[in-house]
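Per-entry structural report
Residues per chain, in single letters:
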Amino acid sequence: MKTYIVGNWKLNFTVGEASIYLHKLLKAMPNYRDVEVVVAPSLIALQPLSLQVDRHKMKLAAQNAFYRDTGAFTGEVSFAQLRGIVDYAIVGHSERRYILREDDKMIAKKVAAAVRNKITPILCIGETESERAFGETADVIRDQLTGGLSEVSDDMLDKVIIAYEPVWAISSTKAAKAAAPDEIAEVVRLIRASLVDMYGAVAERVPVLFGGSVKPVNAGAYLTVPGVDGLLVGGSSLILNEFVDIIEVAKRVRS
Ligand code: PGA
């Protein structure tokens, strides 16, 4: 299986800054066949960057899009409009769940809309600090998985990626702390088992990424957690040399 290194730029960089970063990244980044490098810039930068990116080297992702293809939805941009511009889309990120109030029903529609438009959704799931403290992690993970995938049929499953992002480990969360590899391994096992319960053995092939305070120093440890197929990187993906270092680590530990 490929190793995925996905940079989530969140609400950072002007279009010009994003273009300069991409130019430098394409130059600095060696081409590793088995490492799929993806960056998710702001929506406004996607179209110009899609003309600039070398898709043999890396791919673009949207950070969000709307589930209806067209219509009276003021302010929204659809997956249909992003078709051909991005290869991936982050769906259900915790910042959208908690700040923009997206629920599992809306997230499920977005996952289905992405697949329908030939865009691979990266469905983010993860428990908050208090849910973990109350012993609710397994329930939250199962609920977010079954909720987010409720419109995904067996034959669509190979178009989906899951990202486990414990909210308490995301660097922008107050008092965030990096997750320990064994904490990640336990939840990734649970994700895999839930997917197998839902879809059978085909679920073994669904890539599962980890995200939350990933940096060059911990990328190797996280990429060697059993069941982890890649990383979703926020803060560290904004710093070119750190992101390149993480790609190098991926190449080293996974090849
Ligand atoms: P972080 O963000 O790497 O800055 O913790 C990860 C994410 O929110 O996807």
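Look above for the structure.
Computed from a prediction, not measured in an experiment: that's the story for all the values here.

On to the site of the ligand. Taken together, 14 residues lie around the ligand, and Lys10, His93, Glu165, Ser171 and Ser213 are the ones closest in. At 2.8 Å from an oxygen atom of the ligand is found a side-chain nitrogen or oxygen belonging to Glu165. Between the ligand and Gly234, the relevant distance is 2.8 Å, taken from an oxygen atom to a main-chain nitrogen or oxygen of the residue. When the ligand sits alone it has 280 Å² of accessible area, and the protein chains cover 99% of it. According to the grid-proximity analysis, the pocket containing the ligand is the largest cavity.

Further remarks concern the environment of Ala163. Mapping Ala163 onto the fold places it in strand S6 (residues 161-164). The buried category is assigned to Ala163, whose relative accessible area is 0%. As a C-alpha pair, Ala163 and His93 span 70 residues in sequence and 9.1 Å in three-dimensional space. Not counting residues within four places of it along the chain, the set of residues in contact with Ala163 comprises Ile122, Leu123, Cys124, Ile125, Leu209 and Leu232.

With that settled, consider the packing of helix H7 (residues 137-148) against helix H8 (residues 181-199). One way to put it is that H7 packs onto H8 with a least axis distance of 10 Å and a crossing angle of 45°. One finds that H7 runs oblique with respect to H8. Our pair here, H7 against H8, has a crossing hand that is right-handed. Touching Thr137, Ala138, Ile141, Arg142, Leu145 and Thr146 of H7 are Val187, Leu190, Ile191, Ser194, Leu195 and Met198, all from H8. In the contact of H7 with H8, the residues fall into eight nonpolar, three polar and one charged.

If a probe the size of a water molecule is rolled over the atoms, the empty space left behind becomes visible. Scanning the entire structure with this criterion turns up two cavities of 30 Å³ or more. Its volume calculated, the largest cavity comes out at about 110 Å³. As for the largest cavity, its lining consists of 15 residues, of which Lys10, Ile170, Ser213, Val233 and Gly234 are closest to the centre. Considered class by class, the residues forming the lining of the largest cavity number four nonpolar, eight polar and three charged. The space that makes up the second largest cavity amounts to roughly 50 Å³. At the level of secondary structure, the elements contributing two or more residues to the lining of the second largest cavity comprise helix H4 (94-98) and strand S5 (120-125). Residue composition of the lining of the second largest cavity, grouped by class: four nonpolar, five polar and two charged.

Under the criterion given, the structure shown has eight aromatic pairs. Taken together, a centroid distance of 6.1 Å and an interplanar angle of 55° make the contact between Tyr164 and Phe210 tilted. One end of the pair, Tyr164, is in strand S6; the other, Phe210, is in strand S7 (residues 208-211), with 46 residues separating them in the sequence. Each member of the pair, Tyr164 as well as Phe210, is classed as buried.

Here we come to the pattern of salt bridges. Per the counting criterion, the structure on display carries 15 salt bridges. Close ionic contact of Lys177 with Glu129 constitutes a salt bridge, the shortest N to O distance being 3.1 Å. Taken as a pair, Lys177 in the loop between S6 and H8 and Glu129 in helix H6 (residues 129-133) lie far apart in primary sequence, 48 residues in all. The salt bridge involving Asp158 is made with Lys159; its shortest N-O contact spans 3.3 Å. Judged by relative accessible area, Asp158 falls into the exposed class, the value being 60%.

Time to look at a nonpolar patch on the surface. Side chains of Tyr98, Ile99 and Leu100 sit close together on the surface and give an oily, nonpolar patch of about 310 Å² of accessible area. The residue Leu100 is located in the loop between H4 and helix H5 (104-116) in this model. In this structure Leu100 comes out as partly exposed when scored by relative accessible area, which is 48%.

Rules behind the numbers
- Residues numbered from 1 in each chain as written.
- Predicted model: local features only at pLDDT ≥ 70, side-chain atom pairs only at ≥ 80, totals over all residues.
- Heavy atoms only, no water.
- Near = heavy atom within 4 Å.
- Polar contact = N/O pair within 3.5 Å; in protein donor to acceptor, adjacent residues only side chain to side chain.
- Areas by Shrake-Rupley, 256 points an atom, 1.4 Å probe, with all protein chains shown as cover.
- 1 Å grid on protein atoms, 1.4 Å probe; cavity = no way out; pocket = protein on both sides within 12 Å on 5 of 7 lines; lining within 4 Å.
- Sits in = over half its atoms within 2 Å of the grid points.
- Helix = DSSP H or I, 4+ residues; strand = E, 2+ residues; numbered from the N terminus.
- Buried < 20%, exposed > 50% of the residue type's maximum accessible area, 1.4 Å probe, protein only.
- Contact = heavy atoms within 4.5 Å.
- Axes fitted to C-alpha atoms, helices over the stretch in contact; angles between N-to-C directions.
- Parallel < 35°, antiparallel > 145°, perpendicular 65-115°, else oblique.
- Left-handed = near helix turned anticlockwise from the far one by under 90°.
- Nonpolar A, V, L, I, M, F, W, Y, C, P; charged D, E, K, R; others polar.
- Points joined across faces, edges and corners; volume = space filled by probe spheres on them.
- Phe/Tyr/Trp six-rings, centres within 6.5 Å; stacked < 30°, edge-to-face > 60°.
- Salt bridge = Lys/Arg side-chain N within 4 Å of Asp/Glu carboxyl O.
- Patch = residues over 30% accessible without salt bridge, like charges linked within 9 Å, V, L, I, M, F, W, Y side chains within 5 Å.

Distances and angles like these do not, on their own, reveal function.
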